[in-house]
Amino acid sequence: MTRLKNDTFIRALLRQPVDYTPIWIMRQAGRYLPEYNQTRARAGDFLSLCKNTELATEVTLQPLERFSLDAAILFSDILTIPDAMGLGLYFAAGEGPRFERPLREEAAIRSLIVPDPNTHLRYVMDAVTSIRKALDNRVPLIGFSGSPFTLACYMVEGASSKDYHQIKTMLYARPDLLHHILDITTQAVIAYLNAQIEAGAQAVMIFDSWGGVLSYAAYQEFSLRYMQQILAGLKREHDGERVPSIVFTKGGGLWLELIAESGCDAVGLDWTVDIGEARRRIQDKVTLQGNLDPAVLFSSPETIAAEAEKILASYGHGHGHVFNLGHGISQFTPPENVKALVDAVHAQSARYHQA
Ligand code: CP3
């Protein structure tokens with residue numbers, strides 16, 4: 001058993017009573033922080049930073065030194081899995097992620113294998129162990145993975161995409177091939193997240209960043225179904241504690257009822273939905289995480305406090321809300337505005353948790 005000094009985030013995920021609404025921020029360790037840029041420069045590049053245990057630990061803790069965040073998130077990337085499958089991940093300066101060997105040929109797809117998380121992805125588990133030690137139970141540590149569909153987008157397109165030409169062509173022309181990729185990737189994600197849990201991750205989140213580009217039927221067949229398999233395969237308890245799970249489909253607002261029944265403890269919301277309406281639609285079955293438009297952080301502390309209040313008020317009284325942005329924080333965010341947000345959420349949310 002571990003004794004967390006601040007377990008507000010875990011309690012909120014499990015829909016237990018809390019004194020205030022906990023908050024963390026997607027991409028909280030990143031380029032908007034000057035100290036992050038300094039550490040990244042020391043590492044060389046982004047991937048070397050992910051693979052350096054000491055420096056990955058350092059950047060994970062940087063936002064916690066500045067802001068009273070209620071959770072830490074492992075510093076890594078969702079593309080570690082396809083990299084470990086041998087696709088050759090690299091980051092071209094200013095262009096985002098790329099693969100040297102995108103999946104286009106049937107033979108390459110049929111020979112994909114599930115990477116062993118404790119060898120090929122050892123550096124991720126080492127980072128988890130090291131971060132847990134450095135946190136000293138101050139706040140919980142979130143582990144994460146991409147969803148199989150989102151990983152497949154990068155594996156097949158070979159880079160970020162605007163039109164999803166390659167993956168959608170495969171989806172309709174050779175659904176059998178895409179299902180094979182998704183099946184192997186699902187097994188990889190289960191092993192990877194369970195290894196993170198063994199190493200000390202106290203909650204896990206599945207980032208389905210591109211599930212929202214699918215049709216209603218295709219979302220269920222090619223994204224949600226595989227996330228359900230992952231949730232069914234996760235270790236639910238470690239070290240005597242429940243390990244809650246969060247599913248975030250960006251652009252999934254029309255499908256919240258379906259996502260809420262996937263077996264997760266919490267659903268992440270992007271900023272396009274009203275959180276109070278979302279709460280009614282899912283009938284309080286799971287916790288909701290979100291959902292401030294990241295662009296609000298370009299404004300002033302007064303506007304930030306007012307926009308945060310709209311979300312707190314819309315969610316209303318009672319438990320089961322984790323505050324976050326509706327997507328990752330922009331690199332152009334002034335850090336002092338993040339402090340304004342975190343402090344506003346803590347100060348203003350207490351009244352929604354009084355009996
Ligand atoms: O939240 C955190 O602080 C944890 C770290 C984290 C990163 N990436 C670090 C990162 C997490 C949880 C991710 C997830 C991730 N990575 C997603 C899903 C979330 C989402 O945004 O929808 C996706 C799609 C990726 C793939 C990826 N990695 C892209 C598209 C990029 C380029 C993005 C950009 O802004 O240029 C990355 C690189 C990346 N991952 C950075 C960071 C801090 C920027 C790298 C740098 O320092 O230049």
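Just so it is clear, the structure is predicted and the values come from calculations on it, not from any experiment. (Residues numbered from 1 in each chain as written. Predicted model: local features only at pLDDT ≥ 70, side-chain atom pairs only at ≥ 80, totals over all residues.)

1. Here we look at the overall build of the chain
Scanning the chain for helices and strands turns up 15 helices and eleven strands. On C-alpha atoms alone, the chain measures out to a radius of gyration of 19 Å, which is about the 20 Å that the 2.2 N^0.38 rule sets for 355 residues. In terms of overall dimensions, the chain has a C-alpha envelope of 60 × 45 × 40 Å along the principal axes. Relative to its 355 residues, the chain shows a buried fraction of 49%. If you take every contact in the chain between residues at least 6 apart in sequence, the share linking residues at least 24 apart comes to 72%. (Helix = DSSP H or I, 4+ residues; strand = E, 2+ residues; numbered from the N terminus. Rg over C-alpha atoms; globule rule 2.2 N^0.38 Å. Buried ≥ 20, exposed ≤ 12 C-beta atoms within 10 Å, placed from the backbone. Contact = placed C-beta atoms within 7 Å.)

2. Things to note about the nonpolar core
Of all hydrophobic cores here, the largest spans 112 residues; its most connected members are Leu74, Ile142, Ala152 and Val267. When residues in this core are grouped by element, the largest group, twelve residues, is from helix α10 (residues 175–199). Contacts of alanine 152, omitting those with residues within four sequence positions, involve Ile167, Leu178, Ile181, Leu182 and Thr185. (Core = buried A, V, L, I, M, F, W, Y, C linked by C-beta atoms within 7 Å.)

3. A closer look at the site of the ligand
Close to the ligand lie 21 residues; Gly30, Phe46, Gly96, Phe207 and Ser209 are nearest. Its residues assigned to classes, the shell around the ligand comprises ten nonpolar, six polar and five charged. (Near = placed C-beta within 6 Å. Nonpolar A, V, L, I, M, F, W, Y, C, P; charged D, E, K, R; others polar.)

4. Comments concerning the sheet that holds strand β8 (residues 245–249)
Taken in spatial order, the seven strands make up an open sheet running β1-β4-β5-β8-β9-β10-β11, and their pairing is parallel. Each of the sheet's edge strands pairs with one partner strand only, and the pair in question is β1 (72–73) and β11 (321–325). Judged from the three bridges that link them, strand β9 (residues 266–268) and strand β10 (residues 287–292) form a sheet pairing that is parallel. When the sheet's bridge partners are listed, glycine 268 is paired in β10 with glutamine 289. (Pairing = 2+ DSSP bridges.)

5. Some remarks on the UniProt feature "domain: Uroporphyrinogen decarboxylase (URO-D)" (unreviewed entry) in the chain
Residues annotated in UniProt with the feature "domain: Uroporphyrinogen decarboxylase (URO-D)" (unreviewed entry) correspond here to residues 22–31 and 142–158. With 0% helix and 0% strand, residues 22–31 has end C-alpha atoms that lie 23 Å from one another. Taken as a whole, residues 142–158 contains 59% helix and 29% strand, while its terminal C-alpha atoms sit 27 Å from one another. (UniProt positions renumbered as here; feature names shortened; annotations may be inferred.)

6. Observations regarding the UniProt feature "site: Transition state stabilizer" (unreviewed entry) in the chain
Mapped onto the present numbering, the UniProt feature "site: Transition state stabilizer" (unreviewed entry) falls on Asp77. Turning to its location among the elements, aspartate 77 is positioned in the loop between β1 and α5 (80–87).

7. Some remarks on helix α15 (residues 335–349)
Between its first and last C-alpha atoms α15 spans 21 Å; for 15 residues at 1.5 Å apiece the expected length is 21 Å, and the two agree. Looking at the buried positions of α15, the neighbouring elements they touch are α14 (301–315) and β11. (Expected span 1.5 Å × (residues − 1).)

8. Things to note about helix α7 (residues 122–135)
Compared with an ideal rise of 1.5 Å per residue, which puts 14 residues at 20 Å, α7 spans 20 Å between its outermost C-alpha atoms and is within 8% of the ideal. On the buried face of α7, the contacting elements are α4 (53–66), β1, α5, β4 (141–146) and α10. Phi turns positive one or two residues past the end of α7, at aspartate 136, with a value near 50°.

9. Some words on the pairing of β11
β11 sits mainly inside the fold: five of its five residues count as buried. Across the two faces of β11 the burial is the same, with His321, Phe323 and Leu325 and Val322 and Asn324 all buried. For β10 and β11, the ladder comprises five bridges, and the chain directions are parallel. By the bridge assignment, glycine 290 is partnered in β11 with phenylalanine 323. This β-α-β element, β10 to α14 to β11, shows right-handed connectivity. (Right-handed = clockwise from strand over helix to strand, strands pointing away.)

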